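Observations on the model geometry
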Amino acid sequence: MAGSVKYKIATLGSHSALQILKGAKDEGFSTICICTPDRVSLYNRFNFIDKILEISTFSDFPKIENKLIKEKAIAIPHGSFVAYLGVENNKKMKVPYFGNKRVLDWESDRLKQRQWMEKAGVPVPKKFASGDKIDRPVIVKSYGAAGGQGYFFAKNKTEFKTKIKNFKAKNYIIQEYVIGVPLYVHFFYSPISKELEILSMDKRYETNVDSLGRIPSQNQQGLGIEPSFVVVGNSPLTLRESLLSEAFQMGERVVATSKKIIKGGLWGPFCLETIITPEQKFSIIEISCRIVAGTNLFIDGSSYSTLYWNKPVSTGRRIAMEIKEAIKRGALSKILN
Amino acid sequence: MAGSVKYKIATLGSHSALQILKGAKDEGFSTICICTPDRVSLYNRFNFIDKILEISTFSDFPKIENKLIKEKAIAIPHGSFVAYLGVENNKKMKVPYFGNKRVLDWESDRLKQRQWMEKAGVPVPKKFASGDKIDRPVIVKSYGAAGGQGYFFAKNKTEFKTKIKNFKAKNYIIQEYVIGVPLYVHFFYSPISKELEILSMDKRYETNVDSLGRIPSQNQQGLGIEPSFVVVGNSPLTLRESLLSEAFQMGERVVATSKKIIKGGLWGPFCLETIITPEQKFSIIEISCRIVAGTNLFIDGSSYSTLYWNKPVSTGRRIAMEIKEAIKRGALSKILN
Amino acid sequence: MAGSVKYKIATLGSHSALQILKGAKDEGFSTICICTPDRVSLYNRFNFIDKILEISTFSDFPKIENKLIKEKAIAIPHGSFVAYLGVENNKKMKVPYFGNKRVLDWESDRLKQRQWMEKAGVPVPKKFASGDKIDRPVIVKSYGAAGGQGYFFAKNKTEFKTKIKNFKAKNYIIQEYVIGVPLYVHFFYSPISKELEILSMDKRYETNVDSLGRIPSQNQQGLGIEPSFVVVGNSPLTLRESLLSEAFQMGERVVATSKKIIKGGLWGPFCLETIITPEQKFSIIEISCRIVAGTNLFIDGSSYSTLYWNKPVSTGRRIAMEIKEAIKRGALSKILN
């Protein structure tokens, strides 16, 4: 890395920290992991982590901000940043932050997220304004995303009315239950090269729904299982090449629209969570505007990232490459805030 | 590449074009992608594609043949060649074509395909001459393969009789529905070294059947879902090592028999699509005599290809390696036609 | 490799032999594959296998022991060693054996295995002392592990009583059927560095249960399918990073306890076969105290092993690295017996 300032890459010890810090080290950065005492033993195992900063709880993050700033740390947010610190504390963060914080308000609110997708002209499931309007199977989601929780499924209006009584969330969205297979596309948009890459793809591994298929239907009936969608892992996928063009176009429309509705727009890694129907149509269920856990499958590279780079590039490493390039060009202000 | 003639690798922009052209570039070839206007933006993204030839529709392919011949292009067929150009236009192609065109007639006809497999002595599902003979669950397939479409499932004779009324295909084959798990084996037979390699394995990712398992049986009944088998992706698998010997033997018998029934026999990549039963018996459902889309999972190498090569070898790259070797030995006529 | 003695790596031709011998060759060892005549053609295909020793049946293994000893071979056990030779013949083996043979008695007996896990304080499913005590769905397993066979599922006490009549095993264990998703963690414990690594993860691919999810419930009922759990392959997974800490801790407790109850303790590769519930709790179903077949997915490296090593390290290669390190330090007696 050219220049007299030696930047370091830092992130919270959770979610995709190993990938982010490994990628940073591969690109020549020093690395910092901020974590709670119970996680120190995990992150201590890995040589590519140069320093561990311990905090009692993740909400103590502001207490070590000055230290991080002194270290010339750049923070790489991931799914646990919002989950542990909350949207407001993310926005207030003083450490240089990779990605556009203004996107947070749009992402964390399911209604605004939907507005964004609709404006972008990408396919989304039919929405029902109220339970009375339900005319097909639906999935009901609370406004705040919570890693696979805060969902329920209802076959029809009657089932909705029964289940909504026990649903904790007050604000929720009722969407058509799209029948098809899930596929998560991991994008990276470079504000420097202005190019959009697809780096990898996955599907979630959810308990208990991903075990149901292994239980014969006659046995299921005796068990009285209530389906749950708790994400505990991921498995790799590749997409039919004839659908790849559309996947890129959806990503590009989402980025282009973000520039119109959000100052600075969306940059860095993001994920479109899609369902693909038997008519080979995508339906976008959600957008995550940061690195997603499914990219952890590809720490040693993927079938897609190899199309761009002659080395094993994960999303975590791609972020470090972008920061390195920005430093080289004196353009850090374009990617941090 | 030795020699004064600089050959180029060309393919249609679809299916596994990225893999084929990336592999060609990695082996030192110049690359050409022939595609329709809607796909130009996709293939333009990748540096390993040296030239894009645009045609209005894939059926215009003959119009650019002379151009390709002048460029010293070698065409690598994949699944979309037959789908878009048809068997007859493939056979008439004047551009040098990797693989034996005579195989096309055997592959595209489900009856001849079955004859081939039976002659090879590899396991195939029981066939029923007519609907009246059905005595177990069956799968009914139209003669022409169509990437996961043109199938239906019937539990028994009665269900067959109801469903056949709405089936568009006039020519179809009725096969025993083999209960077991699917596994697709990606072979490569080198007519130069006379050796057969297994390069990778996958299973298809089909919508909507691969989503059914995530819906509890009591909910499925309310939804009235009709299962479909539309392939939209693939996921990786490895095979129990004690079954690997048999997998190689099946591949070898299929190649050996092809030499007896088809002038020149089968060479290059092919795929045996199998079901494995609880008795650990294979049942071959279909053969694809070219590169299959499941190999797209392994553009950066696979657990199997690493057993042969000290670099990341996809099926696409393996094809380029074969052409390179043939050029070196002055044996191009052995692999092109 | 320093030193005047040139050790060779040998294993039985089955299970994960390709991975083990490829890894050994990558680390600079000569390799020997011992196999039955029907497998010779398989192992002959691979250049990294230097010598094939043919035996009529695997039970003839003792007949070639002196030859192996003369060759300075080190035997790497895998799943087929116990399956083909039996526990007693493994223990009597005279060829230097990687791993602690004393572990075999604890692993092969489901009751002792359970004692070990309970002592280690790792989560295991509830056990029922007898059929009369059953108050929830259960899985019934014979004492001897047999690669996915020797199981049955019962929804309740009544179903248990019907099914036990046709169950061949006399000694069996009745365990709570834990509803959740399976995940197999591939560990490696180095007795030299005293460190525990997680090298990869997978789930099994089982016929026919992994096909059931693709058959709609209304169709399943007509088919009268009896579920079976025969392992014919594996597919890759990654684990949610927030659960990784616990996975390491479980592995460490199992190793620490092994040192207390078994002279020398457990070393080398082992696998914890877990179910993860919707409450994100692990439940350990079984331990395999050697290389497992799921590692065959990662012959060219994995997302996890890349966190430790700057080269593609499979479990097979990791074993060879450990032996190489032990030779360098003159500490072979620590890892062989």
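Now for a description of the structure that goes with this document. All values derive from a computational prediction rather than experimental measurement. (Residues numbered from 1 in each chain as written. Chains lettered and ligands numbered in written order. Predicted model: local features only at pLDDT ≥ 70, side-chain atom pairs only at ≥ 80, totals over all residues. Heavy atoms only, no water.)

**Remarks on the overall build of chain A**
- In terms of regular secondary structure, chain A is built from 11 helices and 14 strands.
- Along the first, second and third principal axes, the C-alpha atoms of chain A reach 65 × 45 × 35 Å.
- Looking at the 337 residues of chain A, the share that counts as buried comes to 63%.
- Of all intrachain contacts in chain A linking residues separated by at least 6 positions in sequence, the fraction that spans at least 24 positions is 63%.
- Split by element, the accessible area of chain A, about 12,600 Å² in all, is 48% carbon and sulfur. (Helix = DSSP H or I, 4+ residues; strand = E, 2+ residues; numbered from the N terminus. Buried < 20%, exposed > 50% of the residue type's maximum accessible area, 1.4 Å probe, protein only. Contact = heavy atoms within 4.5 Å. Areas by Shrake-Rupley, 256 points an atom, 1.4 Å probe, with all protein chains shown as cover.)

**Let's talk about the sheet that holds strand β13 (residues 268-276) of chain B**
- Pairing within the open sheet is antiparallel, and its six strands lie in the order β12(A)-β11(B)-β10(B)-β9(B)-β13(B)-β14(B). A strand with exactly one partner marks an edge of an open sheet, and here the two such strands are β12 (238-239) of chain A together with β14 (282-288) of chain B.
- The pairing of β13(B) with β14(B) spans six bridges and is classified as antiparallel. Following the sheet pairing, Leu272(B) is matched in β14(B) by Ile287(B). (Pairing = 2+ DSSP bridges.)

**Focus: the nonpolar core**
- Core analysis: the largest hydrophobic core is formed by 209 residues, its most contacted members being Ile323(A), Ile323(B) and Ile323(C).
- Residue contacts for Ile323(A): discarding those within four places in its chain leaves Ile9(A), Phe29(A), Ile74(A), Ile76(A), Phe98(A), Leu332(A) and Ile335(A). (Core = buried A, V, L, I, M, F, W, Y, C linked by side-chain atoms within 4.5 Å.)

**Let's talk about the interface of chain C and chain B**
- Each partner contributes to the interface: chain C provides 44 residues, whereas chain B provides 47 residues.
- A combined buried area of about 3,800 Å² lies between chain C and chain B, and 56% of that area is made up of carbon and sulfur atoms.
- When the area that chain C buries against chain B is broken down by residue, the three leading residues are Arg45(C), Tyr205(C) and Arg214(C), summing to 20%.
- One salt bridge connects Glu252(B) with Arg45(C), and the closest N-O pair in it is separated by 2.8 Å.
- Across the contact surface, chain C and chain B share 16 residue pairs in polar contact (both at pLDDT 80 or more).
- Of all the elements in the fold, those that place two or more residues in the side of chain C that touches chain B are α1 (17-26), α2 (37-43), β10 (196-208), α8 (209-212), α9 (217-223) and β11 (229-236) of chain C. (Buried area = accessible area lost by both parts, 1.4 Å probe. Salt bridge = Lys/Arg side-chain N within 4 Å of Asp/Glu carboxyl O. Polar contact = N/O pair within 3.5 Å; in protein donor to acceptor, adjacent residues only side chain to side chain.)

**Digging into the relation of the copies chain A and chain B**
- After a rotation of 120° and a shift along the axis of 0.0 Å, chain A superposes on chain B with an RMSD of 0.0 Å. Both copies of the chain, as the preceding transformation shows, are related through a three-fold rotation axis. For chain A, the residue whose C-alpha comes nearest the rotation axis is Gly213(A), separated from it by 2.2 Å.
- Here only 15% of the interface residues in chain A have copies in chain B that are interface residues too; the copies meet through unlike faces. (Least-squares fit on C-alpha atoms with pLDDT ≥ 70 in both.)

**Examining the relation of the copies chain C and chain B**
- Once turned by 120° and shifted 0.0 Å along the axis, chain C lies on chain B with an RMSD of 0.0 Å.
- An asymmetric contact is evident, with only 16% of the interface residues of chain C recurring at the interface of chain B.

**Focus: helix α10 (residues 244-261) of chain B**
- With 18 residues, α10(B) should cover 26 Å at 1.5 Å per step; its first-to-last C-alpha distance of 26 Å lies within 8% of that length.
- If you check which residues of α10(B) are buried, you get Leu244(B), Ser245(B), Ala247(B), Phe248(B), Met250(B), Gly251(B), Val254(B), Val255(B), Thr257(B) and Ser258(B). (Expected span 1.5 Å × (residues − 1).)

**A look at the packing of helix α1 (residues 17-26) of chain A against helix α11 (residues 315-329) of chain A**
Residue and element names in this part refer to chain A.
- Two numbers describe how α1 lies on α11: the axes approach to 7 Å, and their chain directions differ by 45°. With respect to α11, the element α1 is oriented oblique. Where α1 crosses over α11, the handedness of that crossing is right-handed. Seen from α1, the contacting residues are Gln19, Ile20, Gly23, Ala24 and Asp26; seen from α11, they are Thr315, Gly316, Arg317 and Ala320. (Axes fitted to C-alpha atoms, helices over the stretch in contact; angles between N-to-C directions. Parallel < 35°, antiparallel > 145°, perpendicular 65-115°, else oblique. Left-handed = near helix turned anticlockwise from the far one by under 90°.)

**Some remarks on the pattern of salt bridges**
- A full pass over the atoms with the stated rule returns 87 salt bridges over all chains.
- A salt bridge links Glu206(C) to Arg214(A), with the nearest nitrogen and oxygen atoms 2.6 Å apart. Here Glu206(C) is found in strand β10, whereas its partner Arg214(A) is found in the loop between α8 (209-212) and α9 (217-223) on a different chain.
- When its relative accessible area of 5% is taken as the criterion, Glu206(C) is described as buried.
- Using a relative accessible area of 18% as the deciding quantity, one classes Arg214(A) as buried.
- Between Asp26(C) and Lys22(C) there is a salt bridge, and its shortest N-O distance comes to 3.0 Å. You can see Asp26(C) and its partner Lys22(C) sitting in helix α1, four residues apart, about one turn around the helix.
- Judged by its relative accessible area of 7%, Lys22(C) is buried.
- Several salt bridges share partner residues, and in doing so they unite Lys22(A), Asp26(A), Glu27(A), Lys311(A), Arg317(A) and Lys324(A) into one network.

**Points about the packing of aromatic side chains**
- Considering all chains together, one arrives at 30 aromatic pairs over all chains under this definition.
- On the basis of an interplanar angle of 75° and a centroid distance of 4.8 Å, the ring pair of Phe153(A) and Tyr177(A) is categorised as edge-to-face. In this pair, Phe153(A) is assigned in strand β7 (residues 149-154) and Tyr177(A) in the loop between β8 (172-176) and β9 (181-189), connecting sequence segments 24 residues apart.
- On the basis of an interplanar angle of 70° and a centroid distance of 6.4 Å, the ring pair of Phe248(A) and Phe46(B) is categorised as edge-to-face. Taken together, the residues Phe248(A) in helix α10 (residues 244-261) and Phe46(B) in the loop between α2 (37-43) and β3 (51-54) connect one chain to another. (Phe/Tyr/Trp six-rings, centres within 6.5 Å; stacked < 30°, edge-to-face > 60°.)

**Quick notes on the environment of Phe282(A)**
Residues and elements named next belong to chain A.
- Structurally, Phe282 is set in strand β14 (residues 282-288).
- Overall, Phe282 belongs to the buried group, its relative accessible area being 3%.
- Through-space distance from the C-alpha of Phe282 to that of Ala331 is 36 Å; in sequence the pair is 49 residues apart.

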